[in-house]
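An overview of the molecular structure
For reference, the chains in residue letters:
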Protein chains: 2
Amino acid sequence: MLKGNALIAQSGGPTAVINSSVCGAVQTWLNLSEQPGTIYAAVSGIKGFLNEDLIDMAAQDPAVIDALKWTPGAGLFSCRYKVSEAEYSRLVEICRKYDIRYFFYNGGNDSMDTCNKMSIAAEKLGYEMRVIGIPKTVDNDLPITDHCPGYASAAKYLAATVMECGIDLASVATKNKVCIIEAMGRNAGWLTAAAALAKRYEVAADGTVHLPANTADDAPHLIYLPEVPFDTERFLQDVQNVYDRLGYCFVVASEGIMDKDGNYIAADGKVDAFGHVQLSGAGETLKNLVEERLGLKARCNTLGTAQRSAAHFASKTDADEAYATGKQAVELALSGKTGVMVTLDRQPGEPYVCTLGEAPLANVANVEKKVPREWINETGNFVTEDFIRYAQPLIAGTLPVPMQNGLPCYTKIDATLGRVKK
Amino acid sequence: MLKGNALIAQSGGPTAVINSSVCGAVQTWLNLSEQPGTIYAAVSGIKGFLNEDLIDMAAQDPAVIDALKWTPGAGLFSCRYKVSEAEYSRLVEICRKYDIRYFFYNGGNDSMDTCNKMSIAAEKLGYEMRVIGIPKTVDNDLPITDHCPGYASAAKYLAATVMECGIDLASVATKNKVCIIEAMGRNAGWLTAAAALAKRYEVAADGTVHLPANTADDAPHLIYLPEVPFDTERFLQDVQNVYDRLGYCFVVASEGIMDKDGNYIAADGKVDAFGHVQLSGAGETLKNLVEERLGLKARCNTLGTAQRSAAHFASKTDADEAYATGKQAVELALSGKTGVMVTLDRQPGEPYVCTLGEAPLANVANVEKKVPREWINETGNFVTEDFIRYAQPLIAGTLPVPMQNGLPCYTKIDATLGRVKK
């Protein structure tokens with residue numbers, strides 16, 4: 001056994017189940033009959049690690065660790081920080097200082113890049129360390145893995161919200177004729193696409209997809225993903241067509257929709273630490289378009305961060321898989337693996353079965369997996385049955401959450417406990 | 001017994017539990033050992049009634065009627081229509097034509113006015129009819145009744161969303177420092193105020209309110225209700241203060257906040273059928289203010305209609321009370337009462353107990369009950385313990401909803417069944 005301590009850190013935007021992954025990793029480590037060493041967490045991700053802000057997870061109340069299974073947000077705190085080339089050797093030196101031989105990094109594709117560089121740097125500096133990536137993202141855009149922990153919970157919440165707002169829209173004969181929901185998802189439309197699940201699709205055992213007749217006009221009516229260049233005139237025609245037929249129209253659009261020249265429909269020009277353009281207002285832009293060009297009153301519900309933190313209605317399938325990926329990361333590392341990300345591998349056929357696999361970090365770093373063009377209809381304003389078959393099983397089951405005074409009972413890591421002397 | 005048919009109709013914006021009220025009324029009527037007559041529903045509210053679009057509710061599948069208990073939106077369809085003085089005699093004539101002797105109208109304060117005028121018109125025209133109002137509104141602004149069906153479910157959902165988005169905000173050290181949520185509530189801040197419940201208040205049996213030390217800085221940090229004139233400079237100072245202390249700030253503001261001259265902070269000038277100004281963008285306005293004046297990056301989550309339709313997370317207390325008010329409406333009418341609205345009367349002391357009462361329609365029509373100034377702090381940017389004691393019991397319990405394929409299983413009234421010949 002490789003003796004030494006472990007380090008776990010979170011990175012990027014949280015999901016409803018990122019803490020479940022941390023719980024899986026930490027509980028698995030602490031339950032080992034023979035622990036290689038202590039399991040530390042870096043408070044505030046890689047920035048915190050650079051600052052040597054480490055806590056011993058064994059000092060946390062076990063009930064608090066367990067409650068991470070249903071607590072949203074980043075329990076260990078998180079950051080979006082692009083580590084410079086020079087800083088990687090510093091990171092390895094910090095690992096050496098605290099005898100960290102197991103490095104678990106829980107994040108999306110920017111994070112898998114950091115993880116990969118960490119792995120390469122450690123090897124180059126002759127420092128033996130097992131580096132494992134634990135996937136995470138509501139955008140569902142990590143490659144190789146069938147889907148990413150965090151995605152299905154956001155999908156479940158978005159679909160339920162679309163279903164409910166859709167019922168509301170159809171049931172009140174008022175001036176608001178068009179409802180637009182802006183969904184998260186920078187360059188990949190996986191989450192936006194999941195809004196389609198609000199329609200009552202039934203997937204038979206043989207895979208055929210059926211939509212009961214009295215539900216065919218349920219919301220959403222139009223879905224716009226960033227994978228298809230957004231055509232404003234086409235959009236307005238689409239909305240007019242639905243409105244003419246039903247008297248109202250329900251639209252779901254990704255925050256990242258772009259025109260054919262690659263300009264975001266709504267961008268304020270600011271960029272984040274990784275060079276990504278900060279998006280705001282695609283939904284507002286569409287709302288204004290509809291009102292000005294079609295003369296129809298429209299409302300835009302921008303759910304924002306509620307989509308990635310709605311643990312009051314998370315997918316149990318997602319939460320269980322998130323936990324399993326954390327657990328697997330530890331087991332892979334103990335078995336000698338390094339330089340890989342844990343993957344979720346869907347088995348072919350029915351019913352839905354998912355096993356755990358792995359992929360080299362180099363193959364997942366900085367790669368964005370987008371929705372296949374053939375899973376979007378020809379017109380580019382809805383998704384196909386292939387997508388429904390893909391997504392529906394992922395949202396099965398609702399994560400049970402303890403309640404107190406009518407609201408979820410979430411936990412907090414006490415970052416004052418088990419602080420490691422610098 | 002007054003022989004004759006009943007009519008039930010919905011009016012105004014739906015809530016997560018307005019259908020529960022209809023279910024209570026309809027099931028109670030259909031379960032009578034001796035029904036005075038048929039129970040009709042007007043499809044699309046008073047406009048539908050003017051058009052004589054009636055359906056016999058006994059023709060609906062009983063399972064569909066039962067499923068109204070957890071289905072959001074207006075199951076009988078609704079409208080916002082201001083009945084003109086001349087139309088009231090026409091309405092009474094329609095009642096006479098279909099021998100309607102029991103008139104149940106399920107709506108908010110505009111609707112209670114319609115209901116009152118209906119009652120007066122029938123009496124003036126010598127037409128005996130029992131007219132009962134069933135309260136409904138997320139705004140919670142009907143007077144006399146302690147609270148309104150629909151309010152607590154929206155409050156529960158808003159508070160959970162604030163809690164979750166707050167955790168998200170506090171857990172990621174990114175550029176978005178200020179999160180603003182715009183809450184529904186045209187002129188009364190009851191729903192906006194309920195965001196305060198996201199803080200982990202504990203109300204003891206003796207009524208004292210305690211906030212555990214490690215939760216004192218939880219979201220929300222600032223709450224702005226329309227009852228207090230909005231002061232832009234004060235707001236910016238408030239946000240700066242919280243940000244300086246915590247590094248981020250969570251704001252909840254009502255869509256109806258106004259400056260000291262009575263101008264809505266965000267209004268686009270359009271009015272609805274009842275002369276109410278259509279509001280949009282208070283949250284966006286505040287977001288822009290924060291970014292431009294304080295230089296802090298902010299996001300605004302406009303939950304919109306999700307707040308009034310989130311039956312996936314409704315208050316069981318609310319749903320049960322909504323049902324009870326529908327049931328009570330029928331029982332009051334059968335006992336000879338007319339010209340009243342069913343009220344929810346809270347009994348003093350602990351634990352929370354609510355009984356059913358009634359109030360003359362004339363006393364509730366067109367009156368808006370606002371949040372008492374003494375339940376808002378002096379500065380006007382948060383609520384007091386009195387409000388917490390008032391609101392917390394209302395959100396207790398979560399309404400169970402049957403699920404299918406990972407999403408709620410909502411029902412639809414089949415408006416083609418039991419259509420009454422015109």
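Each value, and the rule that gives it
Each chain carries its own residue numbering, running from 1 in the direction its sequence is written. Working convention: letters from A go to chains and numbers from 1 go to ligands, in the order in which they are written. Local features in this predicted model are restricted to residues whose pLDDT is 70 or higher, and side-chain atom pairs enter the listing and the counts only when it is 80 or higher, whereas totals over whole chains, interfaces and linings include all residues. Hydrogens and waters are ignored; side-chain quantities use all the structure's heavy atoms. In DSSP terms, a helix is any run of H or I states spanning at least four residues, a strand is any run of E spanning at least two, and both are numbered starting from the N terminus. Put simply, the radius of gyration uses C-alpha atoms, and a globule should come to 2.2 Å times the residue count raised to 0.38. Only protein chains enter the accessibility calculation, which uses a 1.4 Å probe; a residue is then buried when its area is under 20% of its type maximum, exposed when over 50%, and partly exposed in between. Neither His nor the chain ends is counted toward charge; the positive residues are Lys and Arg and the negative residues Asp and Glu. Note on charges: their place is set at NZ of Lys, CZ of Arg, CG of Asp or CD of Glu. The contact definition used throughout considers only heavy atoms, calling two residues in contact when any of these lie within 4.5 Å. We define the nonpolar core as a collection of buried residues of types Ala, Val, Leu, Ile, Met, Phe, Trp, Tyr and Cys that are connected through side-chain atoms lying within 4.5 Å of one another. DSSP bridges decide pairing: two strands pair if at least two such bridges lie between them. Here is how to tell: hold the view so the strands point away, follow the path from the first strand over the helix to the second, and if it runs clockwise the crossover is right-handed. Every residue gets a pLDDT, meaning the predictor's confidence in that residue, from 0 to 100. Think of a salt bridge as a Lys or Arg side-chain nitrogen and an Asp or Glu carboxyl oxygen that are within 4 Å of each other. Distance and chemistry together define a polar contact, namely a pair of N or O atoms within 3.5 Å, with one atom able to donate a hydrogen and the other to accept it when in protein, and with adjacent residues in sequence counting only for side-chain atoms on both sides. UniProt positions are given in the numbering used here, feature names are shortened, and annotations may be inferred rather than shown by experiment. A simple way to read buried area is as the amount of 1.4 Å-probe accessible surface that goes missing from two parts once joined, with both sides added.

Helix and strand content of chain A: 13 helices and 19 strands. For chain A, the C-alpha radius of gyration of 22 Å lies close to 22 Å, the compact-globule estimate for 422 residues. Counting across all 422 residues of chain A, residues that qualify as buried make up 64%. Of note, chain A has its 40 positive side-chain charges centred 5 Å away from the centre of its 50 negative side-chain charges.

Our next topic: the environment of Met 163 of chain A. By secondary structure assignment, the location of Met 163 of chain A is in helix 6 (residues 151-171). Considering only alpha carbons, one finds Met 163 of chain A and Pro 220 of chain A, 57 residues apart in sequence, at a separation of 7.6 Å. With residues up to four places along the chain from it excluded, the contact list for Met 163 of chain A reads Ala 198 and Arg 200 of chain A together with Leu 407, Pro 408 and Tyr 410 of chain B.

Soluble, globular proteins show a tendency: their nonpolar side chains are buried together. Phe 387 of chain A together with Phe 387 of chain B are the most contacted members of the largest nonpolar core, which totals 124 residues. Ignoring anything within four residues of it in the chain, the contact list for Phe 387 of chain B reads Tyr 151, Trp 190, Ala 193, Ala 194 and Trp 375 of chain B.

Turning to the pairing of strand 12 (residues 249-254) of chain A, a few remarks are in order. All names here are of chain A. Counting buried residues in strand 12 gives six out of six residues, a clear majority hidden from the surface. Residue alternation in strand 12 divides its side chains into two sets, Cys 249, Val 251 and Ala 253 and Phe 250, Val 252 and Ser 254, and both sets are buried. Taken together, the six bridges between strand 8 (residues 176-183) and strand 12 define a ladder with parallel strand orientation. Its bridge partner lying in strand 12, Ile 181 is registered against Val 252. Pairing of strand 11 (residues 222-224) with strand 12, which is carried by three bridges, proceeds in the parallel orientation. Its bridge partner being in strand 12, Tyr 224 is matched across the sheet by Ala 253. In the classification by handedness, the crossover that spans strand 11, the intervening helix 8 (residues 232-246) and the parallel strand 12 is right-handed.

Right, let's get into the confidence of the model for chain A. In the predicted model, chain A carries a mean pLDDT of 95, and the fraction of residues at 70 or more is 97%. For this predicted complex, the interface confidence reaches an ipTM of 0.95, while the overall pTM sits at 0.96.

Relative to the helices and strands, Glu 164 of chain B is located in helix 6 (residues 151-171). Buried charge without a partner: Glu 164 of chain B forms no salt bridge, and the closest opposite charge is Arg 200 of chain B, 9.4 Å away. A polar contact is formed between the side chain of Glu 164 of chain B and the backbone nitrogen of Ala 311 of chain A, at a distance of 3.4 Å.

Going from Glu 350 of chain A to Pro 351 of chain A, the amide bond is cis rather than trans, its omega being -10°. If you trace the backbone, Pro 351 of chain A turns up in the loop between strand 16 (340-346) and strand 17 (354-360). The backbone phi angle of Asp 99 of chain A is positive, close to 55°, even though this residue is not glycine. For Asp 99 of chain A, the position within the fold is in the loop between helix 4 (85-97) and strand 5 (100-107). Positioned with a positive phi, Ile 144 of chain B is a non-glycine residue whose angle comes to about 70°.

Turning to the UniProt feature "site: Important for catalytic activity and substrate specificity" (unreviewed entry) in chain A, a few remarks are in order. Residue and element names in this part refer to chain A. According to UniProt, the feature "site: Important for catalytic activity and substrate specificity" (unreviewed entry) maps to Asp 110 in the numbering used here. By the secondary structure assignment, Asp 110 is in helix 5 (residues 109-124). Assessed through its relative accessible area of 15%, Asp 110 is described here as buried.

Listed by partner, the interface residues are 67 residues for chain A and 67 residues for chain B. Taken together, both faces of the contact between chain A and chain B bury some 5,200 Å²; the carbon and sulfur share is 52%. Of all residues in chain A, Glu 164, His 312 and Leu 407 of chain A give up the largest surface area on contact with chain B, accounting jointly for 12% of the area buried on that side. Taken together, the links from chain A to chain B amount to four salt bridges. The salt bridge involving Lys 412 of chain A is made with Asp 218 of chain B; its shortest N-O contact spans 2.5 Å. In this assembly, chain A and chain B are joined by 29 residue pairs in polar contact (both at pLDDT 80 or more).

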